[in-house]
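Reading the structure
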Amino acid sequence: MDIDGTRAGRRRNIGRSIDGIQPSGRRVSQVKRAARPAASPAAKPAAGAARATRAANQPSGHKQFPLPRYYAPEHSGKIVKKKRKRLSKWGVAIRAMAVVLVLVLGTGGFLSWKAYSKLHKVFRGTTTVAALASKPVTPDLLKGEGDGRVNILLLGIGGPGHDGPDLTDTIVVLSVDPVNNTATMLSVPRDLWVQQPINYFGSQQKINAAYESGKYHYLGKLDSSSANANAVQAGFSNIDQVIKTVLGINVDYHMLVNFQAFRQAVDAVGGITVNVPTPLVDPTMAWENKWNPVLAPAGVQQMGGVEALLYARSRETTSDFARGQRQRQILVALKDKVLTAGTLSNPAKIDELMNAFGDNVYSDMSTQGATRLYSIIKKVSDNQIASAGLTDPPHVLVTTDHVGTTSVDRPVAGFNNYTDIQAYVRSQMPDGYIVKEHAPIAVLGTTSAKATATATLLKSYGYNVTSTGVAAQTVTSPELIDLSHGKDPFTLHYLETRYGVTPLTSLPSGISPAAGAKFVVVSNT
């Protein structure tokens, strides 16, 4: 199944075959394309023009980077048992958020028997991270900067009965700050070309193949079901390593959702309200929209499950990056609708949502963690939900390129260079405790350049660096001076952990920071 509605099968999802042989030595055959209704004659020229426009608009100066030769993976015909009308795989962000917001109501006893059974089909974890503890968190429970947030990786798949059933064609990090009641949604382009920790389909692949590579490697075969919990966790572990490499953050929990829940969820709450900034026109999907190429006119409008699905899927006349922005927009719209009194007080709607999610969602979050997260998200208003992407101006950190004949995404800095991406992600997801304490920090270095470099790094983690300067004495190792008198314990703990030193409690000779500093960092690098 092809998420964008223009080509069926895996070819568009993870790239076409490139001349060469996999490390295993076998050549991989073409995957048969699924049949779909013929597009109208008017649609074909428009689709071709759109592709030509994208090619013409490709940024200049792109280089062809020498990479290992690559074949798209072969999928067993047994997985695609029956060709169906093609639907989107993307809707995980919406589905996952709705799971957290709605299914956890069952823990309060509402529709108790059904809620209990559905909850335990979805939330299969047994542990809760420190940041979600209901009791006050002490600094010693948090290892380093970022542990004060809860990062949930939302993965959207097609599921059994669809081509590429385990390709994660939606990858969204939902990062929640339980200290300040804020959240950030970050879309990761599915076509990002990355090094794969497990070489099942190739040592380098698009990121959307990472989950299935880990899962199939564990099973030793292709299997589109999620019945084997250990195999699912192996898939999670593999994509976690890629996310850590690319974004520089740890993943605490996962939500894996197949596409069916999305349409059911939107319809169950009576549709969502979406403000479309500009008309979305896509002739290649007109056949799914009663032969109307206008998928969404501009302006505020109501969308049912089908309309929302089309709005979120389309990318032929825009881009995968623009689609990520629309996905995040719809996520917020569904959150608002789910939290309305009409939804939460209606047993029939909650029952519909439970039915939609119970068999189509898998999470390693515990019911305790989900309940705690729900209590936090209820307090997060729309203007406290930051929407971030790796191609959102002015932070354009990812661009398109090619590996052979395959269109891929890569960092602007070059393949496998994630320094700029990680710095941006840190700025969008600062640790909640650091933000709350906002302790003034003075940074001194043996040279002005060293002080500036250290200050820039600390600022990227959210620290409040108020001054820099040159130390009057040379230090052979970093020094930390604590002048906070115990009022900023989390900042102290994080700085201790970062520099691996025992802090001084008074200023040594030759160290004169600007007035008002609660901490002084003396850097030697």
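**Thoughts on the sheet that holds strand S3 (residues 182-187)**
Read across the sheet, 6 strands follow the order S11-S6-S1-S2-S3-S12 without closing on themselves; strand pairing throughout is mixed. The two strands at the open ends of the sheet, each matched to only one other strand, are strand S11 (361-363) and strand S12 (385-389). The average angle at which neighbouring strand axes cross in this sheet is 20°, direction not considered. Two elements, strand S2 (residues 170-177) and S3, share 6 bridges in a ladder whose sense is antiparallel. Paired with valine 173 across the two strands is leucine 186, which belongs to S3.

**Description of the pattern of salt bridges**
Here the structure, examined in full by the defined rule, presents 7 salt bridges. The partner of lysine 215 in a salt bridge is aspartate 166, with the nearest N and O atoms 3.0 Å apart. A residue pair is termed long-range when its members are at least 10 positions apart, and lysine 215 in helix H5 (residues 210-219) and aspartate 166 in the loop between strand S1 (150-157) and S2 qualify at 49 residues. Overall, the relative accessible area of 0% leaves aspartate 166 in the buried class. Measuring nitrogen to oxygen at the nearest pair gives 3.5 Å for the salt bridge that ties aspartate 488 to lysine 518. Here lysine 518 lies in the loop between helix H16 (489-499) and strand S20 (519-523) and aspartate 488 lies in the loop between strand S19 (479-482) and H16, a separation of 30 residues in the sequence. Given the relative accessible area of 4%, aspartate 488 is considered buried. Beyond isolated ion pairs, a larger network of salt bridges with shared partners links Asp169, Arg190, Asp191 and Lys206.

**Points about the packing of H5 against helix H6 (residues 229-247)**
Following both chains from N to C, one finds H5 and H6 inclined at 140°, their axes separated by 7 Å at the closest point. Classed by the angle they form, the pair H5 and H6 counts as oblique. The two elements H5 and H6 meet at a crossing, and its hand is right-handed. Every residue of H6 that contacts H5 at Ala210, Tyr211, Ser213, Gly214, Lys215, Tyr218 and Leu219 is listed here: Asn230, Ala231, Val232, Ala234, Gly235, Phe236, Asn238, Ile239 and Val242. The residue makeup of the contact of H5 with H6, split by class, is 10 nonpolar, 5 polar and 1 charged.

**Considering the nonpolar core**
Ranked by size, the top nonpolar core spans 32 residues in total, and within it Ile243, Leu247 and Ile421 carry the most contacts. Every element with two or more residues in this core is listed here: S1, S2, H5, H6 and helix H13 (419-428). The leading source of residues in this core is H6, at 7 residues. Setting aside its immediate chain neighbours within four residues, leucine 247 contacts Val173, Leu186, Val188, Leu390, Ile421, Gln422 and Val425.

Reading guide: rules and limits
- Residues numbered from 1 in each chain as written.
- Predicted model: local features only at pLDDT ≥ 70, side-chain atom pairs only at ≥ 80, totals over all residues.
- Heavy atoms only, no water.
- Pairing = 2+ DSSP bridges.
- Helix = DSSP H or I, 4+ residues; strand = E, 2+ residues; numbered from the N terminus.
- Axes fitted to C-alpha atoms, helices over the stretch in contact; angles between N-to-C directions.
- Salt bridge = Lys/Arg side-chain N within 4 Å of Asp/Glu carboxyl O.
- Buried < 20%, exposed > 50% of the residue type's maximum accessible area, 1.4 Å probe, protein only.
- Parallel < 35°, antiparallel > 145°, perpendicular 65-115°, else oblique.
- Left-handed = near helix turned anticlockwise from the far one by under 90°.
- Contact = heavy atoms within 4.5 Å.
- Nonpolar A, V, L, I, M, F, W, Y, C, P; charged D, E, K, R; others polar.
- Core = buried A, V, L, I, M, F, W, Y, C linked by side-chain atoms within 4.5 Å.

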